[in-house]
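Coordinate inspection notes
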Amino acid sequence: MRHASITGIGAYLPDRVVTNDDLSQLVDTSDEWIASRTGIRERRIVAEGQATSDMAAAAGRGALADAGLQPEDIDFLVVGTGSPDHIMPSTAAITQDLLGLRCGAVDVMAACTSFILALQQGTAMIESGRADRVLVIGADALTRHIDFTDRRTCVLFGDGAGAVVLEASDEPGVLGIDTGSDGSGAGVLVIPAGGAAMPCTPERVAAGEHYLKMSGGEVFKFAVRIIPEATKRALELSGLTVDDLTLLVPHQANQRILDAVAPRLGIESERVFSNVALLGNTSAGSIPLALHDLYTDHHLHRGDVLALVGFGAGLTWGAAVVRWMKEPKE
Ligand code: ACO
């Protein structure tokens, strides 16, 4: 059987660092409140004029270089994002042009779960023989949709992008993937205006309906339930158990969520990766950015079993169990 394996990884973070103290100049909050409730200390924010596709292309370029490939080697591009450059055209099409790829390209939009669904799509294309090499990118500039006068949301998010190259292989790299959605939770996390349901009007913009709205407690409960459930299902599909897991690499939304899932999965907190303190919630970027951090910090070894787990608006979720097939970074 044909398998898909990760052969390259890249990342991009905007230069601008915004600390909790910086945010306390804008809204009634404090470093103590943000750090104790979320674990976040700082985040990166896109520059004026910088788009999601710019970050996606930079991360994609890094992944191509790491895999030792040229743009013409890629058969398909999937960009997972919840903050596309435009409703039309797709961010993937713009990214394809920036990277000089000569292939089809599509966006996968599932908020913070976008990267896992993009990975699923790339894996399916390789396993079915439709493609030999797929570039999968997770990129978000969600701060563009944040109301920086709303202390309940503006402290949580940051911007960034990560990318992986998937290649056909005889050895199984991407193993079981479990994905799901429950649209009855659509109102829990939503940017109400700006789409076909509620086009932007001056009245709606004045009311701030083009900004992200979130029921924080609902997201918290959902995340703590779904991360262990989806992880266990993906492990089962892979013929593995929690004991086989080297590391859980969850979407980085909030340290308290990450702390709560370790005992629920029956693993030590050291086996739950976290970089939320420095990046905040980078949405579709967070899982590949986490992988990139692990790889560049020499924490990944050939044969390691990783569970990549996303969850977010929709409500949506996805867990992918991956056997890491690259040697540690030199
Ligand atoms: N600074 C100071 N006070 C704040 C802040 C802030 N930044 N934000 C909220 N508060 C206040 C509220 O106004 C409220 O005050 P009140 O009681 O006077 O009205 C009080 O703190 C408690 O508010 P809660 O919303 O109940 O705070 P909670 O303890 O639930 O923490 C949080 C909020 C951190 C958002 C939490 O609900 C959470 O972690 N939820 C998970 C959601 C998440 O991580 N979302 C990320 C995006 S979703 C995704 O990635 C899938």
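1. So, the layout of surface pockets
Of the pockets and cavities examined, the largest pocket occupies roughly 850 Å³. Around the largest pocket, the lining comprises 33 residues; the ones closest to its centre are G82, P84, M109, H145 and I191. Shared between two domains, the lining of the largest pocket holds at least three residues of each, these being domain 1 (3–171) and domain 2 (175–323). For the second largest pocket, the calculated volume is near 460 Å³. If you go around the second largest pocket, you meet 23 residues; those closest to its centre are L156, M214, G216, G217 and N254.

2. Description of the domain arrangement of the chain
In terms of domain boundaries, the chain breaks down into domain 1 (3–171) and domain 2 (175–323). Computed from C-alpha atoms alone, the centre-to-centre distance between domain 1 and domain 2 is 14 Å. Facing the 48 residues of domain 1 at the interface are 42 residues of domain 2. The junction of domain 1 with domain 2 conceals about 3500 Å² of combined surface from both sides, 67% of it contributed by carbon and sulfur atoms. If you sort the residues of domain 1 by the area they bury against domain 2, I9, C112 and I116 come out on top, with a joint share of 18%. Connecting domain 1 to domain 2 are 1 salt bridge. Between E171 and R302 there is a salt bridge whose closest N-O contact spans 3.1 Å. The interface formed by domain 1 and domain 2 contains 16 residue pairs in polar contact (both at pLDDT 80 or more). Elements with a contribution of two residues or more to the side of domain 1 that touches domain 2: β1 (3–12), α2 (31–38), β3 (42–45), α5 (114–127), β6 (133–140), α6 (151–154) and β7 (160–169). Looking at which element gives the most residues to the side of domain 1 that touches domain 2, the answer is α5, with 7 residues.

3. A closer look at the packing of helix α8 (residues 216–237) against helix α9 (residues 255–265)
Where α8 meets α9, the closest approach of the two axes is 9 Å, and the angle between their N-to-C directions is 40 degrees. As the angle between them shows, α8 and α9 are arranged oblique. Judged by the twist between their axes, the crossing of α8 over α9 is right-handed. Each of F220, A223, V224, I227, P228, T231 and K232 in α8 lies in contact with α9, whose residues at this interface are R256, I257, A260, V261, R264 and L265. Of the residues that constitute the contact of α8 with α9, the class distribution is 9 nonpolar, 1 polar and 3 charged.

Procedures and definitions
Residues numbered from 1 in each chain as written. Predicted model: local features only at pLDDT ≥ 70, side-chain atom pairs only at ≥ 80, totals over all residues. Heavy atoms only, no water. 1 Å grid on protein atoms, 1.4 Å probe; cavity = no way out; pocket = protein on both sides within 12 Å on 5 of 7 lines; lining within 4 Å. Points joined across faces, edges and corners; volume = space filled by probe spheres on them. Domains from an automatic or database assignment. Contact = heavy atoms within 4.5 Å. Buried area = accessible area lost by both parts, 1.4 Å probe. Salt bridge = Lys/Arg side-chain N within 4 Å of Asp/Glu carboxyl O. Polar contact = N/O pair within 3.5 Å; in protein donor to acceptor, adjacent residues only side chain to side chain. Helix = DSSP H or I, 4+ residues; strand = E, 2+ residues; numbered from the N terminus. Axes fitted to C-alpha atoms, helices over the stretch in contact; angles between N-to-C directions. Parallel < 35°, antiparallel > 145°, perpendicular 65-115°, else oblique. Left-handed = near helix turned anticlockwise from the far one by under 90°. Nonpolar A, V, L, I, M, F, W, Y, C, P; charged D, E, K, R; others polar.

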